[in-house]
2 protein chains.
Amino acid sequence: MVDFQKTRDAFDLPEGIVYLDGNSLGPLPRAATARVSALLRDEWGQRLIRGWNEAGWMAQPGRTGDRIACLIGAAPDTVTVGDTLSIRLHQALHAALQAAPDRREVLTCSGNFPSDLYIAEGLLRTLDKGHTLRVVPPQEVAATLSDQTAVLMLTEVDYRTGRLHDMARLTRAAHNLGAVTVWDLAHSAGALPVDLRGTNADFAVGCTYKYLNGGPGAPAFLYVRPDRAEQVSPALPGWLGHAAPFEFEPSYRPAPGISRMRIGTPPVIALAALETALDIFDDVAMSDIRARSITLSERFIAGADALGLQLMSPRDPARRGSQVSIAHPEGYAMMQALISRGVIGDFRAPDLMRFGFAPLYNTEADIDTALAHLSDVVLNRLWDNPAYSVRQAVT
Amino acid sequence: MVDFQKTRDAFDLPEGIVYLDGNSLGPLPRAATARVSALLRDEWGQRLIRGWNEAGWMAQPGRTGDRIACLIGAAPDTVTVGDTLSIRLHQALHAALQAAPDRREVLTCSGNFPSDLYIAEGLLRTLDKGHTLRVVPPQEVAATLSDQTAVLMLTEVDYRTGRLHDMARLTRAAHNLGAVTVWDLAHSAGALPVDLRGTNADFAVGCTYKYLNGGPGAPAFLYVRPDRAEQVSPALPGWLGHAAPFEFEPSYRPAPGISRMRIGTPPVIALAALETALDIFDDVAMSDIRARSITLSERFIAGADALGLQLMSPRDPARRGSQVSIAHPEGYAMMQALISRGVIGDFRAPDLMRFGFAPLYNTEADIDTALAHLSDVVLNRLWDNPAYSVRQAVT
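Residues numbered from 1 in each chain as written. Chains lettered and ligands numbered in written order. Predicted model: local features only at pLDDT ≥ 70, side-chain atom pairs only at ≥ 80, totals over all residues. Heavy atoms only, no water.

Some thoughts on the relation of the copies chain B and chain A
Next, step 1: Overlay of chain B on chain A (RMSD 0.0 Å): rotation 180°, translation along the axis 0.0 Å. One copy is carried onto the other by what is essentially a two-fold rotation axis. Nearest to the rotation axis, the C-alpha of Leu127 of chain B is located 2.8 Å from it, this being the minimum over chain B.
Next, step 2: When the interface residues of chain B are mapped onto chain A, 100% of them again fall at the interface, so both copies present the same face. (Least-squares fit on C-alpha atoms with pLDDT ≥ 70 in both. Contact = heavy atoms within 4.5 Å.)

What follows is the structure, encoded as structure tokens:
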């Protein structure tokens, strides 16, 4: 039996707050402040340049990558950490297109992050080889896959609705047609079991500031299937992806395997915070997290149903990530009202309230408190209060 | 009169160390630990997702950029901060090539960072439009510029020797021939006055972990001349470079000006550390830093000359950045011997010892101590000691 009280205690959660926005930014691990302070004071401050070797900074991206690999069903030495998700996606898509040189269609769905589409558009424009980015509704992806598809690029969990793609089935279908897959795990990693090895996915990317709780602006990760890694000619050949970074050779030679996808100097301070966040996963199986996520979200949905609210997430928990979305014309004001009562979810235009469930720290009591406030908001039409309905800058 | 004792006191320097490697990694600002701890505990911990607006995280890249702009002769709203130098160079070179669409030669010199050459090679290969990367010796750059040159891409200060390019003259020469300029200021920013406005340079990039003291893996910066910024179609169109990031539009629309060069989520923790480092520059003019840098490096050169050592840096201080390099066949072991005595410089193959001078914290006493130990190493041939000559992994 997993001790979720222990994992909850590992976070420094503010008094009186029910935090249901870990799908946007996870909370502060209690150990992070001391660890980062020690890194600054003892490693950077005292060791200075020697920290790169003596304090293991240079090895951080691979070391952290191996820990994330455990959470997404990947083998050691297949994941590297650093840069942002946009950069990682650019690298992955560029590499995937190399593996399908005779095809010109990148297939994705409208449930993908718009930012993933921007990066794909940008890369295809830079390549200028006649590639097209084909965007279809999520439910049409399988039927649209064809022997024209170069790359199937999908985000497993829809950030709006929590709808979950069937990674195993779609990866198999893509491979059967000769296409290469790129999976964005931004809303998957740390939220539900992912089986990169089992599904035989080619490339995957994700961020670490959502369910992995790495902190604001925490670095992203990139997975490359080992056989693919040896074939990649990196789009962004950085010095730390060189076979011998400190030889300062005039031309790039790729490092072996995943290491070639390293780019510049690793974000040492951010990685130290992330490592404390990953520590919290050490005693928990992703299957336990998933089971509890379903318990929490089903409890929430039952309450929302009782209030007559419109569920925008799949009702079948097997088809849903670890979030529940509710549509309401007054969703913006409703969320402001909830936040003013200490229940933090978020809002996505035009009308979506999002509630993320992170079993490492969310409890049944959190759900019940959230539902009590949601009931108050609905039954008393609190959205009519101008204090809530006037739009502010949103994140 | 600038109070360099005050700036030195702003750093947490280890006892008994003479640190002459700020050209590789600057030391810890005394205020960094408290600031980063406060960010973790009070902003991330307590405000959680609300930190993006309430704690100003979203505005960090521009706010920090404006402070760096002051140090490199750039106007407000022309510099953004985030990502690594490799990514920033990729963006800048891609944008520069857009501004010279009918030419195919990127001119650079062998004194550039190899990593800059890797990124350029990678981009030109991705573009696959027949561009060539032409690498000439530093002293031949001016004569090689021609009406075939699309982009002149140079690092102002050679990381090996400290040789300083004449940015004003080369930029003018490039512009006279219709070429666009990309300057890497990695060893310039914070070390010597840079006048981006006065030289009319088109693009510039740099890192913040050297003379700007932002910490290990601190983010990079990118300058784009305002008229150029409005014309750039970004290579890496990230969501935070979108005109309306929170509208989640399906297609990218560039934000105005430099903001379009933002990519993903900003590295909030690293930027907080960097801000404390930039505070230290507040009461100092770059001209004062430069004057003191020359005093320190001339003092060091005089001592090295007296020991009969071979100076690899330009003897004329006007042609030199803020570092002095000495060649010696036993340079590796000599540097190890110096480090074991608490004098930290670094070594670059095959035979270069590098000593960086950072007036914010280095003193005449530092130079004298370093020279005393260097004298001991030379006069007693300490390189013969196997403890120093056996190669370790180097950074």
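Brief notes about the interface of chain B and chain A
Next, step 1: Counting from both sides, the interface comprises 80 residues of chain B and, opposite them, 80 residues of chain A.
Next, step 2: When the shortest N-O distance is used, the salt bridge between Asp128 of chain A and Lys129 of chain B registers 2.8 Å.
Next, step 3: Remark: the boundary between chain B and chain A carries 15 residue pairs in polar contact (both at pLDDT 80 or more).
Next, step 4: When residues of the side of chain B that touches chain A are traced back to their parent elements, those giving at least two are helix H2 (32–47), helix H3 (51–54), helix H5 (85–98), helix H6 (114–127) and helix H11 (268–279) of chain B.
Next, step 5: Of all the elements, H6 of chain B adds the most residues to the side of chain B that touches chain A, at 10 residues.
Next, step 6: Here the residues of the side of chain B that touches chain A sort into 44 nonpolar, 25 polar and 11 charged. (Salt bridge = Lys/Arg side-chain N within 4 Å of Asp/Glu carboxyl O. Polar contact = N/O pair within 3.5 Å; in protein donor to acceptor, adjacent residues only side chain to side chain. Helix = DSSP H or I, 4+ residues; strand = E, 2+ residues; numbered from the N terminus. Nonpolar A, V, L, I, M, F, W, Y, C, P; charged D, E, K, R; others polar.)

Focus on the environment of Phe355 of chain A
Residue and element names in this part refer to chain A.
Next, step 1: Relative to the assigned elements, Phe355 resides in strand S13 (residues 352–356).
Next, step 2: Considering only alpha carbons, one finds Phe355 and Ile344, 11 residues apart in sequence, at a separation of 8.1 Å.
Next, step 3: Filtering out sequence-adjacent residues up to four positions away, Phe355 remains in contact with Leu20, Phe300, Ser322, Gln323, Val324, Ile326, Met335 and Leu338.

Description of the UniProt feature "modified residue: N6-(pyridoxal phosphate)lysine" (unreviewed entry) in chain A
Residues and elements named next belong to chain A.
Next, step 1: The residues that UniProt annotates with the feature "modified residue: N6-(pyridoxal phosphate)lysine" (unreviewed entry) are Lys210.
Next, step 2: Inspection of the secondary structure puts Lys210 in the loop between strand S7 (203–207) and strand S8 (220–224).
Next, step 3: Leaving out residues up to four positions away in the same chain, Lys210 has contacts with Gly22, Asn23, Ser24, Gly26, Ala186 and His187. (UniProt positions renumbered as here; feature names shortened; annotations may be inferred.)

Quick look at the pairing of S13 of chain A
Residue and element names in this part refer to chain A.
Next, step 1: Within S13, five of the five residues are buried, which leaves it mostly tucked inside the rest of the structure.
Next, step 2: Side chains Leu352, Arg354 and Gly356 of S13 all project onto a buried face; the interleaved residues Met353 and Phe355 project onto the opposite face, where all are buried too.
Next, step 3: When strand S10 (residues 323–327) meets S13, the two strands line up antiparallel, connected through five bridges. Within the sheet, the bridge partner assigned to Ile326 lies in S13 and is Met353. (Buried < 20%, exposed > 50% of the residue type's maximum accessible area, 1.4 Å probe, protein only. Pairing = 2+ DSSP bridges.)

Things to note about the pattern of salt bridges
Residue and element names in this part refer to chain A.
Next, step 1: For the structure on display, the rule yields 54 salt bridges over all chains.
Next, step 2: A salt bridge links Asp158 to Arg160, with the shortest nitrogen-to-oxygen separation between them at 3.9 Å.
Next, step 3: Among the residues examined, Asp158 registers a relative accessible area of 5% and is labelled buried.
Next, step 4: Accessibility expressed as a relative area gives 23% for Arg160, which makes it partly exposed.
Next, step 5: Several salt bridges share partner residues, and in doing so they unite Asp202, Arg225, Asp227 and Arg228 into one network.

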